[in-house]
Amino acid sequence: MVSSLKWVKQDSAKVVGNYAVNLIKACIEKKPDAVIAFPTGKTPLPMYEALRACTNIPWEETHLFQLDEYCLPSSGEMAFESFHAYLQRELLPVANGQFYPLSSYIQNPQQYDAELKRLGGLDMVILGIGTNGHIAFNEPGTDVDSQTRCVSLSESTRLANFGDAPGANLPTHAVTMGMSTILSAKEILLLATGTSKKEITERCLRSTDSPSHQYPASWLKTHHHVTIITDF
Ligand code: GLP
C-alpha cells in the first residue's frame, strides 16, 4: 500500500518535543478554537516542557481532550497517577482552553465522541506508541471502527505502566478514544523516542505490510496527514 506518512528524525527526545510544539502552535494559530487530544506517558514529557516554555500560544479558545484515562478505583488510596492529574501538572498550567476530563465520561464514553462531533471534530491528535503497538489504550486486536469506550488493559501494558507498583487498587480497565475517533482527526502526530520504541514503530509504520488488528498503530498508514517524529 502507498502510505503518505511523513517521518521526521530529530537528534534527541528534547528536539522531538520542540518539533511537536511548533506543529501544535501552527494548528492553534490557524484555528484558535482548535480541538486537540493530548497524550500521557514518558514520551511526551519533553513536549509538555517545551509547551510550558512557549508563552505565545493563544490557548484561550482551544478545546482540550484526553486520549485515554484509567477507570479509577472508587475508594482507597491510588498507587498510580490518573491521566487527568498528569495533564493538570504537565499541560493545564499553561493551556487555559476548555478542558474535557475523560473521567467525567466513564459511565457514558460515547458521549465523549458526541462532544467532539458537536465541536466539529478533532483538529489534531497527539499520540505515543506502546511497545505492543497500541495507541491510546487501543490494544492489539482492536477494531478499526472502534469508538471511545471502556477496555481492559493487557498484562504487558499494565507492566509497562505500573511496573513494580503494589498490585492492589491498580486499574484493570481504562476508557480510550477509539481507533475511528483517532483516525477521524484532521492531523495526527505520533511521537516515538528511545530504542525501546524503534522496532515497534518501524514494524507498524515503515513496513509495507497492510494495516492489521495485531498492530493498532499500523492503521495510521491509512490516514492522509500523519507526522511521525522520532529520535531514531
Ligand atoms: C500508555 C498510554 C499511551 C502511551 C503509551 C506509551 O499505555 N495509554 O497513550 O502512548 O502508554 O507510553 P510511554 O510514552 O510512557 O512509553
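A brief structural summary. All of these numbers come straight from a predicted model, not from anything done at the bench.

**Let's talk about the sheet that holds strand E6 (residues 124–127)**
- Taken together, seven strands build an open sheet; the order of strands is E1-E10-E9-E6-E2-E3-E5 and the sheet is parallel. Here the strands that pair on one side only, and so sit at the sheet edges, are strand E1 (6–9) and strand E5 (98–100). Across the sheet, the mean angle separating the axes of adjacent strands is 20° when strand polarity is ignored.
- Of the pairings in the sheet, the one linking strand E3 (residues 63–66) to E5 comprises three bridges and is parallel in character. Opposite Leu64, over in E5, you have Phe99 as the bridge partner.
- Packing of helix H1 (residues 13–30) onto the sheet brings it into contact with E1, strand E2 (35–38), E6, strand E9 (187–192) and strand E10 (226–230), and relative to E10 it is tilted by some 155°.
- Running at roughly 140° to E3, helix H3 (residues 83–90) makes contact with E2, E3 and E5 of the sheet.

**Things to note about the packing of helix H2 (residues 45–53) against H3**
- Running from N to C, H2 and H3 point in directions that differ by 40°, and their axes come no closer than 10 Å. When the interaxial angle is binned, H2 and H3 end up oblique. Residues Leu45, Tyr48 and Arg52 of H2 touch H3, and the partners they reach there are Tyr86, Leu87, Arg89 and Glu90.
- Its residues assigned to classes, the contact of H2 with H3 comprises four nonpolar, no polar and three charged.

**Quick word on the site of the ligand**
- Neighbouring the ligand are Gly41, Lys42, Thr43, Asp68, Gly128, Ile129, His134, Ala136, Phe137, Thr157, Asn161 and Lys197.
- One nitrogen or oxygen atom from the side chain of Asp68 is found 2.7 Å from a nitrogen atom belonging to the ligand.
- In the complex, the protein chains occlude 90% of the 390 Å² of accessible area that the ligand would expose alone.
- Its residues assigned to classes, the shell around the ligand comprises three nonpolar, six polar and three charged.

**Side note on the sheet that holds strand E4 (residues 68–70)**
- A sheet is described by the order of its strands in space; here three strands give the open sequence E4-E8-E7, paired in antiparallel fashion. Edge positions in the sheet fall to E4 and strand E7 (149–152), since each has one partner strand and no second. Strand-to-strand twist across the sheet, computed as the mean angle between neighbouring axes with direction ignored, equals 30°.
- Sheet topology places E7 next to strand E8 (residues 173–176); four bridges connect them, and they run antiparallel. Opposite Val151, over in E8, you have Ala174 as the bridge partner.

**Overview of the packing of aromatic side chains**
- On inspection of all chains with the given rule, the structure shows 12 aromatic pairs.
- Taking the centre distance of 6.3 Å and the plane angle of 50° together, the rings of Phe38 and Trp59 count as tilted. Of the two residues, Phe38 is situated in strand E2 and Trp59 in the loop between H2 and E3; the sequence distance between them amounts to 21 residues. Note on accessibility: Phe38 and Trp59 belong to one class, buried.
- Through pairs of rings, three or more aromatic residues link up here, namely Tyr70, Phe80, Phe83, Phe137 and Phe162.
- Here Arg206 stacks its cationic end above the ring of Trp7, 3.9 Å away from the centre of that ring.

**Details of the packing of H1 against H2**
- The contact between H1 and H2 brings their axes to 7 Å, and the two run at 55°. Relative to H2, H1 is oriented oblique. The crossing of H1 and H2 is right-handed. Along the contact surface, H1 presents Ala13, Lys14, Gly17, Asn18, Ala20, Val21 and Ile24, while H2 presents Pro46, Met47, Ala50 and Leu51.
- Split by residue class, the contact of H1 with H2 holds eight nonpolar, two polar and one charged.

**Focus: the environment of Cys150**
- As for its position among the elements, Cys150 is in strand E7.
- Given a relative accessible area of 43%, Cys150 falls into the partly exposed group.
- Leave out the neighbours within four places in its chain, and Cys150 touches Cys71, Pro109, His173, Ala174 and Val175.

What counts, and where the lines are drawn
- Residues numbered from 1 in each chain as written.
- Predicted model: local features only at pLDDT ≥ 70, side-chain atom pairs only at ≥ 80, totals over all residues.
- Heavy atoms only, no water.
- Pairing = 2+ DSSP bridges.
- Helix = DSSP H or I, 4+ residues; strand = E, 2+ residues; numbered from the N terminus.
- Axes fitted to C-alpha atoms, helices over the stretch in contact; angles between N-to-C directions.
- Contact = heavy atoms within 4.5 Å.
- Parallel < 35°, antiparallel > 145°, perpendicular 65-115°, else oblique.
- Nonpolar A, V, L, I, M, F, W, Y, C, P; charged D, E, K, R; others polar.
- Near = heavy atom within 4 Å.
- Polar contact = N/O pair within 3.5 Å; in protein donor to acceptor, adjacent residues only side chain to side chain.
- Areas by Shrake-Rupley, 256 points an atom, 1.4 Å probe, with all protein chains shown as cover.
- Phe/Tyr/Trp six-rings, centres within 6.5 Å; stacked < 30°, edge-to-face > 60°.
- Buried < 20%, exposed > 50% of the residue type's maximum accessible area, 1.4 Å probe, protein only.
- Lys NZ or Arg CZ within 6 Å of the ring centre and 35° of its normal.
- Left-handed = near helix turned anticlockwise from the far one by under 90°.

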